[in-house]
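Spelled out, the chains give:
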Amino acid sequence: MFTKKDIDAVNAIRFLSADMIEKAQSGHPGLPIDAAPMAYTLWEKFLQFNPQDPKWINRDRFVLSAGHGSAMLYSLLHLNGFDLPLTELKKFRKLGSRTPGHPEYGMTAGVDATTGPLGQGLGMAVGMAMAERHLAALVNRPGYPVFNHFTYALVGDGDLMEGVSQEAINIAGQKQLNKLIVLYDSNDVSLDGPLSLSTNENVAQRFKAANWNYQKVTDGNDLAGLQQALQQAQTSDRPTLIEVKTIIGYGTPESGTNKVHGNALGKANLAAMRQFYHWQAAPFEIAPEIYQHYQEQVAKKQTAYQAWQTMFQEYQTEFPEVYRQFQDARLDTTKLNLDDPAWQEPMATRTSNSKIMQQVADQNVQLWGGSADLYSSNNTHLDDSKAFDALHPEQRNVYFGVREFGMATAVNGINLHGNTRAFGSTFFVFSDYLKAAIRLAAIQQIPAVYIFTHDSIAVGEDGPTHEPIEQLAGLRSIPNVTVIRPADAHEVLGAWQKIGQITDQPTVLVLTRQKVPLLAQTQTDKVAFGGYTLSPAATANPDGILVATGSEVALALQAQQKLAQEKLNVAVVSMPSVELFQAQSSDYQAQVLPPNVKVKIGLEMGSRNGLATVASAVIGIDHFGASGNGTEVVQQAGFTVDNIAEQFKAKLAEAEVK
């Protein structure tokens, strides 16, 4: 039964949001105004949380995928007693505030994901629902539902137009994530105008085809209808989409049009809106009885929270070892080894990575993840586990299908959920499909792991479409991302040791398809430094340095030997991670790459920009590859001992002239 108190509470969300945007003269009032009833119904009648413990592991997750509606989320957080005072709402979109233009994870208490790039929020919600299902299967015991919560997302028309949304809903439907509930603010308007300008799809048929439960609420202001739909969704055996028909900017003179989508309403329109809703309060003024009403709703949630805490304390006494394994998502990678004699044989780094991942998985039950339909090529399948699905949610191998972007958003969502550590894998050239998700992981400072194989033109016969060129340089250019391209099994081992320590940024692991030798000179413990002297020059003042990554490190050692035969003393530096190297002290960097050594030649089968920050010149590839035998393609691109030696001598001659 909804009363006038509920109506006033809904309108408080509307006017706080509109007042924020008006004061900032920037923002998107349309969604907060029309979606306030569905958000209120969800948050106050269903969503389980505790504003005093915003990171509670069993809270319901809420993802505002339509992140441009951030003012509504901040209003909800403020009214529900989170650490977001009215002074912060008045600083909406201002530099240094906790109310940025789009919600940012880690900045504002109660924000479960950074959203704004449309569609990705839905994908992250899918990952969160996967994490809940997986953890419930592994951790819960009869009578002890440690993980037992829902994941909710609010999406708009724009979210569902993004291609990643299709990938995400298919993953969710195939995995039957029945505790995922999505509210669709269906107002038929996008930024440029009516939705009919660009879309005529049948959303109901689309979601039903993906194995979702579909419901429709024909009036977005019908609180009882919204409540009934949410109640039904909680009992579904599949994920649920609730389409809620709304009028964008409802109650404003420009309602139903794109004019109210992304601009402050203006004083006249805001005054008319106040008249429509009979709202007498001044801007940012909320009556004490409205605050009290929200406090009463929160008090009910805190009662449930305390009951869970009592249960959880008993659980930890009864099953101390079970939960301990999932207390956090950090990986213990201190016991990894290369003791097997088979390691001495040449092998692709994708193969050595597979062997090491089995060790990591054996020692860390919280590691899980999957591949975009390339398990047999990426070699990231965890051998002691089977497929994660509706019947076996405890399993650790996720078959994402050919959905690279959807996979990455789900991996981000799993890592945002916490208590496990997730990875995704595909071919390196297809990192382009999911780069936006890597960027969002970096912004959110989450330790997602992206594993990319088939890392260079050595792929050969698959041709230029499958041979990455610009990807290394591109991913290295993203702030707060660690890219590691190991030379051999020693460095792959070092990469995982470093990954185990990383808690605040994503890692990109780039691996070969072709076999590479196990080098006696590579040092596992030096990978954490990003770069190190692999083979020093014969004299204290070398003629130059060859700086190489990945499979090119072995080639650099061969070139060093050839140059030595010509009385040229050259050092070889392995640079598995430019980012880790540049994070070291200036003294360490100068030790590895002395400033007085003028000729530093980078070797990398990719864009020359990739090593430009650590080398004076780079032997790389600034054109697309070719289809043919991999060895021949590599040679044609100039990655031969003779060409490297000639290029080095030419650069040395230039330096001597200068």
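Residues numbered from 1 in each chain as written. Predicted model: local features only at pLDDT ≥ 70, side-chain atom pairs only at ≥ 80, totals over all residues. Heavy atoms only, no water.

The name given to the protein in an unreviewed UniProt entry is Transketolase, with the source organism recorded as Pediococcus acidilactici DSM 20284. According to the UniProt record, the Catalytic activity (unreviewed entry) comment for the protein is "D-sedoheptulose 7-phosphate + D-glyceraldehyde 3-phosphate = aldehydo-D-ribose 5-phosphate + D-xylulose 5-phosphate". (UniProt positions renumbered as here; feature names shortened; annotations may be inferred.)

Let us now look at the pattern of salt bridges. If you walk through the whole model with that rule in mind, you get 22 salt bridges. Note that E88 is salt-bridged to R98, the shortest N-O span being 3.8 Å. Separated by 10 residues along the polypeptide, E88 in helix 4 (residues 86–89) and R98 in the loop between helix 4 and helix 5 (120–139) bring together distant segments of the chain. (Salt bridge = Lys/Arg side-chain N within 4 Å of Asp/Glu carboxyl O. Helix = DSSP H or I, 4+ residues; strand = E, 2+ residues; numbered from the N terminus.)

For the rest of this paragraph, the subject is the UniProt feature "binding site: substrate" (unreviewed entry) in the protein. UniProt marks H28, H261, R350, S377, H454, D462, H466 and R513 with the feature "binding site: substrate" (unreviewed entry), using the numbering shown here. Spanning 486 residues, the annotated positions stay apart in the fold, the maximum distance between their C-alpha atoms being 48.4 Å. Tracing the backbone through its elements, the reader meets R350 in helix 13 (residues 349–363). What makes R350 buried here is its relative accessible area of 17%. Once residues within four sequence positions are removed from consideration, R350 is found in contact with S377, N378, N379, T453, H454, L511, T512 and R513. Examined against the element boundaries, H454 turns out to sit in the loop between strand 12 (449–453) and helix 17 (471–476). Residue classification places H454 among the buried positions, given a relative accessible area of 5%. The contacts of H454, once residues within four sequence positions are left out, are R350, S377, F427, F428, V459, H466, P468, L511, T512 and R513. (Buried < 20%, exposed > 50% of the residue type's maximum accessible area, 1.4 Å probe, protein only. Contact = heavy atoms within 4.5 Å.)

This next bit is on the domain arrangement of the protein. Splitting the protein by domain gives domain 1 (2–300), domain 2 (339–508) and domain 3 (522–655). Placing a centre on the C-alpha atoms of domain 1 and another on those of domain 2 gives a separation of 32 Å. Between domain 1 and domain 2, the contact holds 28 residues from the first and 31 residues from the second. Summing the contributions of domain 1 and of domain 2, the shared interface buries around 2,700 Å²; its carbon and sulfur component is 69%. On the domain 1 side of the interface with domain 2, the three residues burying the most area are Q120, H134 and K175, jointly 23% of the side's total. Linking domain 1 with domain 2 are 0 salt bridges, by the criterion used here. (Domains from an automatic or database assignment. Buried area = accessible area lost by both parts, 1.4 Å probe.)

Attention shifts here to the nonpolar core. W43, F62, M72, Y152, L154 and I242 are the most contacted members of the largest nonpolar core, which has 65 residues in total. For this core, the leading source of residues is helix 1 (residues 4–24), giving 10 residues. Each residue touching Y152, except ones within four places of it in the same chain, is listed here: L42, F46, L47, D60, R61, F62, V63, I181, L230 and Q234. Among the nonpolar cores identified, the runner-up in size contains 60 residues, and A153, I171, F428 and A437 belong to it. (Core = buried A, V, L, I, M, F, W, Y, C linked by side-chain atoms within 4.5 Å.)

Using the residue numbers shown here, the UniProt feature "binding site: Mg(2+)" (unreviewed entry) corresponds to D157, N187 and V189. A maximum C-alpha distance of 7.5 Å among these annotated residues, which run over 33 residues, shows that they cluster at one spot. As for its position among the elements, V189 is in strand 4 (residues 189–190). On the accessibility criterion, V189 (9% relative accessible area) is buried. Other than its neighbours up to four places away in sequence, V189 contacts D157, L195, I248, G256, T257 and N258.

Turning our eyes to something else, we now look at empty space enclosed by the protein. Per the stated rule, a full pass over the model turns up 3 cavities of 30 Å³ or more. If you trace the largest cavity, you find it lined by W43, L47, F49, P54, R59, D60, F62, F82, G110 and D112. Split by residue class, the lining of the largest cavity holds 6 nonpolar, 1 polar and 3 charged. Size it by volume and the second largest cavity reaches roughly 40 Å³. A breakdown of the residues in the lining of the second largest cavity according to their chemical character gives 6 nonpolar, 2 polar and 2 charged. (1 Å grid on protein atoms, 1.4 Å probe; cavity = no way out; pocket = protein on both sides within 12 Å on 5 of 7 lines; lining within 4 Å. Points joined across faces, edges and corners; volume = space filled by probe spheres on them. Nonpolar A, V, L, I, M, F, W, Y, C, P; charged D, E, K, R; others polar.)

This part covers the sheet that holds strand 6 (residues 213–217). Spatially, 1-2-3-7-6 is the arrangement adopted by the 5 strands of the open sheet, whose pairing is parallel. What marks the edges here is a single partner per strand, and that holds for strand 1 (61–64) and strand 6. Neighbour-to-neighbour, the strand axes of the sheet open up by a mean angle of 20 degrees, direction not taken into account. Packing against the sheet, helix 9 (residues 223–233) makes contact with strand 2 (151–156), strand 3 (180–186), strand 6 and strand 7 (240–245), and its axis sits at approximately 170 degrees to strand 6. (Pairing = 2+ DSSP bridges. Axes fitted to C-alpha atoms, helices over the stretch in contact; angles between N-to-C directions.)

Before going further, it helps to examine the packing of helix 19 (residues 552–565) against helix 23 (residues 641–657). In helix packing, the relevant descriptors are the interaxial angle and the interaxial distance, both defined with respect to the helix axes. Two elements in contact, helix 19 and helix 23, have axes whose closest approach is 9 Å; the angle formed by their N-to-C orientations is 60 degrees. In terms of crossing hand, the pair formed by helix 19 and helix 23 is right-handed. The residues of helix 23 that touch helix 19, namely those facing L555, Q558, A559, K562 and L563, are V641, D642, I644, A645, F648 and K649. When the residues that make up the contact of helix 19 with helix 23 are grouped by side-chain class, the tally is 7 nonpolar, 1 polar and 3 charged. (Left-handed = near helix turned anticlockwise from the far one by under 90°.)

Before going further, it helps to spend a moment on helix 3 (residues 70–79). Within helix 3, 10 of the 10 residues are buried, which leaves the element mostly enclosed by the surrounding structure. All of the buried residues along helix 3 are S70, A71, M72, L73, Y74, S75, L76, L77, H78 and L79. In this fold, the buried residues of helix 3 make contact with helix 1, helix 2 (30–45), strand 1, helix 4, strand 2 and helix 11 (288–318). Following helix 3 by one or two positions, G81 adopts a phi angle in the positive range, close to 85 degrees.

With parallel pairing, 6 strands are arranged side by side in an open sheet as 10-9-11-12-14-13. Strand pairing shows two members of the sheet lacking a second neighbour, strand 10 (397–399) and strand 13 (482–484), which therefore form its edges. Across the sheet, the mean angle separating the axes of adjacent strands is 20 degrees when strand polarity is ignored. As judged from the 5 bridges shared by strand 11 (residues 421–427) and strand 12, these two strands associate in the parallel manner. Each residue of the ladder has a partner; that of F423, found in strand 12, is V449. Sheet strands in contact with helix 13 are strand 9 (367–371), strand 11, strand 12 and strand 14 (507–510), and its direction is about 150 degrees off that of strand 12. Packing against the sheet, helix 18 (residues 489–501) makes contact with strand 11, strand 12, strand 13 and strand 14, and its axis sits at approximately 170 degrees to strand 14.

For helix 1, built from 21 residues, the straight-helix expectation of 30 Å at 1.5 Å per residue is met to within 8% by its first-to-last C-alpha distance of 30 Å. Extensive coverage of helix 1 is indicated by the burial of 16 of its 21 residues. Two residues or fewer past helix 1, Q25 is found with a positive phi of approximately 55 degrees. (Expected span 1.5 Å × (residues − 1).)

With a phi close to 55 degrees, Q25 is a non-glycine residue in the positive phi region. Its location among the elements puts Q25 in the loop between helix 1 and helix 2. According to the relative accessible area criterion, Q25 is exposed, its value standing at 54%. Positive phi is not limited to glycine here, since D373 has a value of about 65 degrees. Mapping D373 onto the fold places it in the loop between strand 9 and helix 14 (375–378). Overall, D373 belongs to the exposed group, its relative accessible area being 56%.

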